[in-house]
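Listed below are the residues making up each chain.
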Amino acid sequence: MSELLRQQIEKITLLSDAEFDYVLSHFVKKKFKKHQFVVQEGEHVTYDYFILNGCLKSYFTDHNGKEHILQFGMQDWWITDYQAYYEQSTASINVDCIEASELLCLSLQNREKLCSEMHKIEHFFRKKTNKHNVALQQRILSLLSHNAKEKYEQLMQLHPQLFQKVPKQLIAAYLGVTRETLSRLNSSSK
C-alpha cells in the first residue's frame, strides 16, 4: 500500500528505491475503525495523514450542533487540521473515519527534516501545498457564488467516487443543503 505514496510523489519528482525507503521510514502506519477520530477538536494535532485506503471527513460543529463538512478524504489524499498541524496547536476541527481507514502519518518534525535533507521532497510538498491552496480557493468561490445545483454538479464532475462512498446526509452537509434538497438534485440530474 505504501506504493500509493511513492506513486503520488513520483507524479512530481522521481525517487530511487533507497530515497523512497528513507522517506517512508519517517511515516507511521496506523489503522482506524469506522467513526474513530483521527483528529479531535481541542486535542493536539501530531500528524498530517496520507490515506492508503478508507474515507474520512474533516468538519466542525457550530454552537447549534450543526455539522459543517470542510473536506472529504479518500485513497491517495491528505487530510488533517492544517492550522493546528503547522502551528503545533490544538485542533479546531474534527477528522473522523466514514469507513475503516489505513493511514500513513507524518509528524511536522519529520516533514521538516525530510524537506531540509531532500530537495526532491521539499519540492513535492511545495507543489502539493500549491494544489491544496488552489483547491481551497475554488471551494470557497464555489460556496460563495454557486447555487445548490451548480455545487452538486461540480462535485459530481470532480469527485463522482464520493457518491459511492459517502452517505447522502454527509454530501448534503458538505454542499450546505438539506438531505431533501440533495435528493431533488440527485433525481433531477438523472
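To be clear, the structure that these remarks concern was listed above.
Note that this is a predicted model, so its numbers are computed, not measured.

What counts as what
Residues numbered from 1 in each chain as written. Predicted model: local features only at pLDDT ≥ 70, side-chain atom pairs only at ≥ 80, totals over all residues. Heavy atoms only, no water. Salt bridge = Lys/Arg side-chain N within 4 Å of Asp/Glu carboxyl O. Helix = DSSP H or I, 4+ residues; strand = E, 2+ residues; numbered from the N terminus. Buried < 20%, exposed > 50% of the residue type's maximum accessible area, 1.4 Å probe, protein only. Patch = residues over 30% accessible without salt bridge, like charges linked within 9 Å, V, L, I, M, F, W, Y side chains within 5 Å. Areas by Shrake-Rupley, 256 points an atom, 1.4 Å probe, with all protein chains shown as cover. Pairing = 2+ DSSP bridges. Phe/Tyr/Trp six-rings, centres within 6.5 Å; stacked < 30°, edge-to-face > 60°. Lys NZ or Arg CZ within 6 Å of the ring centre and 35° of its normal. Core = buried A, V, L, I, M, F, W, Y, C linked by side-chain atoms within 4.5 Å. Contact = heavy atoms within 4.5 Å.

J.: Explain the pattern of salt bridges residue by residue, including any values.
T.: Summed over the entire model, instances satisfying the criterion amount to 11 salt bridges. Measuring nitrogen to oxygen at the nearest pair gives 3.1 Å for the salt bridge that ties Glu10 to Arg6. Taken together, the residues Glu10 and Arg6, both in helix α1 (residues 3-10) and 4 residues apart, mark about one turn of the helix. Note on Glu10: relative accessible area 27%, which makes it partly exposed. Residue classification places Arg6 among the buried positions, given a relative accessible area of 12%. Within this structure, Arg6, Glu10 and Asp17 form a network of salt bridges that share partners.

J.: Summarise unusual backbone geometry; cite the residues concerned and give the values.
T.: Apart from glycine, the bulk of residues carry a negative phi angle, and the bulk of peptide bonds sit in the trans form. Positioned with a positive phi, His35 is a non-glycine residue whose angle comes to about 75°. Assignment of secondary structure puts His35 in the loop between β1 (27-32) and β2 (37-39). The phi angle at Gln88 is positive, at roughly 50°, despite the residue not being glycine. Note that Gln88 resides in the loop between α3 (82-87) and β6 (94-107).

J.: Account for a nonpolar patch on the surface, naming residues and giving values.
T.: A cluster of nonpolar side chains, Leu136, Ile140 and Leu144, forms an exposed patch at the surface whose accessible area comes to about 310 Å². Structurally, Leu144 can be placed in helix α5 (residues 119-145).

J.: Hey, could you go over the pairing of strand β4 (residues 67-74) for me, with residue numbers and the actual values?
T.: Successive residues of a regular strand alternate their side chains across the two faces of the sheet. One ladder, built from 7 bridges, connects strand β3 (residues 47-61) with β4; its direction is antiparallel. Paired with Leu56 across the two strands is Gly73, which belongs to β4. Between β3 and β4, which pair antiparallel and follow one another directly, the connecting turn spans 5 residues, one of which, Gly65, has a positive phi of 85°.

J.: Help me get a handle on the packing of aromatic side chains, residues and values and all.
T.: Under the criterion given, the structure shown has 10 aromatic pairs. Ring plane angle 65° and centroid distance 6.0 Å describe the contact between Tyr47 and Tyr49, whose orientation is recorded as edge-to-face. The exposure class assigned to Tyr47 is buried, which follows from its relative accessible area of 17%. Ring geometry for Phe72 versus Tyr174: centroids 5.1 Å apart, planes at 40°, classification tilted. Taken together, the residues Phe72 in strand β4 and Tyr174 in helix α8 (residues 168-175) connect sequence positions 102 residues apart. An identical accessibility class is assigned to Phe72 and Tyr174; each is buried. These aromatic residues form a ring-pair network of at least three members: Phe27, Phe50, Trp78, Phe124 and Phe125. Positioned above the aromatic ring of Tyr59 is the side chain of Lys57, whose terminal nitrogen or guanidinium carbon lies 4.6 Å from the ring centre. A cation over a ring is seen here: Arg139 above Tyr174, with NZ or CZ 3.7 Å from the ring centre.

J.: Tell me about the nonpolar core, and please be specific about residues and values.
T.: Grouped together as the largest cluster of nonpolar side chains are 36 residues, with contacts concentrated most on Val38 and Ile121. In this view, Ile121 contacts Ile9, Leu15, Val23, Leu114 and Cys115; residues no more than four positions away in its chain are not counted. The next biggest cluster of nonpolar side chains, apart from the first, holds 18 residues, and it includes Met74, Ile171, Val177 and Leu185.

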